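Per-entry structural report
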Amino acid sequence: TRSLTITSADQSMFEKAQGEKVTLPCTFELSEEDEGPLDIEWVLIPADNQKRELIIIMYSVDRVYDQYYAATTRRMQFSNLDPKSGDGSLDILNLKAADTGTYQCKVKKAPGVQSQKIQLTVLVKPARTKCSIEGSQEIGKDVTLKCVSQEGSPLLSYDWRRVSGTQHLPATSVLNKNTGELLLKNASQEYSGRYNCVASNRVGTDECSVELNVTPPVNTAAIIIGAIIGTLLGLSILCSIIFCFCKKHREKKYEKEVHHDIREDVPPPKSRSSTARSYIGSNRSSLGSMSPSNMEAYTKTPYSQVPSEDFERTPAQNPAFAPSKVAAPNLSRMGAVPVMIPAQSKDGSIV
């Protein structure tokens with residue numbers, strides 16, 4: 001008995017690049033025995049068996065349903081506007097890496113039911129490829145040129161070539177196409193120049209370049225000595241600044257203390273014997289300077305009348321003398337002992 005048959009069984013695997021378009025075929029033929037309503041359904045079978053199948057798009061009772069899988073909305077559609085004509089192929093636009101998986105086309109028209117699975121692999125072209133240099137670019141050193149693509153489906157392959165000078169890789173170079181590393185052993189100045197790396201896979205290529213400049217060795221000893229000298233000089237300058245700052249701070253502090261210090265003059269100690277000696281000595285010096293005429297009028301003052309340390313005469317008690325308007329010098333500051341100077345009264349006596 002003849003029944004529904006899917007005729008598109010030539011290709012079951014597709015490989016496409018990201019961003020491209022693919023058409024998954026699903027053509028069929030109906031038989032006279034197939035009298036039920038026609039249903040065409042596309043399902044995405046996940047690689048993980050624990051996850052359920054996802055209905056992508058469906059045709060049933062002359063109507064298309066494509067709102068089941070949000071990630072594929074407006075990107076997946078039937079190739080033929082009238083699938084019941086025998087063509088239920090699926091178009092996927094703007095392919096993404098997440099579209100990779102197994103797709104199943106199921107056609108049902110009772111009592112006939114047929115299905116077909118197609119494997120789709122979305123490959124990502126190499127992109128954002130970066131080149132770099134690892135190691136010292138000095139004569140006699142080993143230098144490694146690295147090339148890595150940030151995007152790209154495996155298997156990626158890397159190839160280096162020189163784009164300046166002889167355009168041939170040095171004889172001592174070792175290339176690893178899987179990792180993208182180019183090792184240049186015992187580098188010389190002839191190795192200097194621009195190098196280009198090409199990353200490729202089955203759907204595309206990407207490239208980058210780097211400039212290699214091999215130079216003579218640097219005198220590291222001179223650099224170290226210069227660094228040490230510079231450090232010591234910097235430390236000495238810093239210490240000098242700190243010392244000057246501390247000294248200035250101490251000077252300001254001392255000036256402030258002296259400015260606010262209140263000092264009082266302490267009167268010199270008085271002694272009875274010293275006062276008496278000073279008084280007698282003053283009288284003797286005064287007598288030596290007197291003339292003989294004055295000596296007759298002089299009446300000797302008895303020793304018992306020598307003023308004691310408690311004897312102080314105020315201007316009111318001694319009207320014969322007027323207080324001096326000139327302030328006596330502060331002898332206590334000069335470390336001297338005050339001396340009492342005798343004077344002569346009107347009657348010629350010494351007081």
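Reading guide: rules and limits
- Residues numbered from 1 in each chain as written.
- Predicted model: local features only at pLDDT ≥ 70, side-chain atom pairs only at ≥ 80, totals over all residues.
- Heavy atoms only, no water.
- Helix = DSSP H or I, 4+ residues; strand = E, 2+ residues; numbered from the N terminus.
- Buried < 20%, exposed > 50% of the residue type's maximum accessible area, 1.4 Å probe, protein only.
- Core = buried A, V, L, I, M, F, W, Y, C linked by side-chain atoms within 4.5 Å.
- Disulfide = S-S within 2.5 Å.

The name given to the chain in an unreviewed UniProt entry is CXAR protein, with the source organism recorded as Sylvia atricapilla.

For the rest of this paragraph, the subject is the environment of methionine 13. Mapped onto the elements of the fold, methionine 13 is located in strand β2 (residues 13-17). The class of methionine 13 is exposed, set by a relative accessible area of 55%. In the structure, methionine 13 is positioned 106 residues away from glutamine 119 in sequence and 4.6 Å away in space, judged by C-alpha atoms.

Counting 25 residues, the largest nonpolar core has Leu24, Trp42, Ile92, Tyr103, Val107 and Leu120 as the members making the most contacts within it. Looking at this core, the elements with two or more residues in it are β3 (22-24), β5 (38-45), β6 (54-60), β8 (76-78), β9 (90-92), β10 (101-109) and β11 (112-123). For this core, the element with the most residues is β5, which contributes four residues. With 18 residues, the next largest nonpolar core counts Val143, Leu145, Tyr191 and Ala199 among its residues.

Okay, the state of the cysteines next. Tallied over the full model, the rule gives three disulfides. Between cysteine 26 and cysteine 105 runs a disulfide, and the two sulfur atoms are separated by 1.8 Å. Of note, the bridge from cysteine 26 to cysteine 105 carries an S-S torsion of about -65 degrees and is left-handed in sense. Taken as a pair, cysteine 26 in the loop between β3 and β4 (28-29) and cysteine 105 in strand β10 lie far apart in primary sequence, 79 residues in all.

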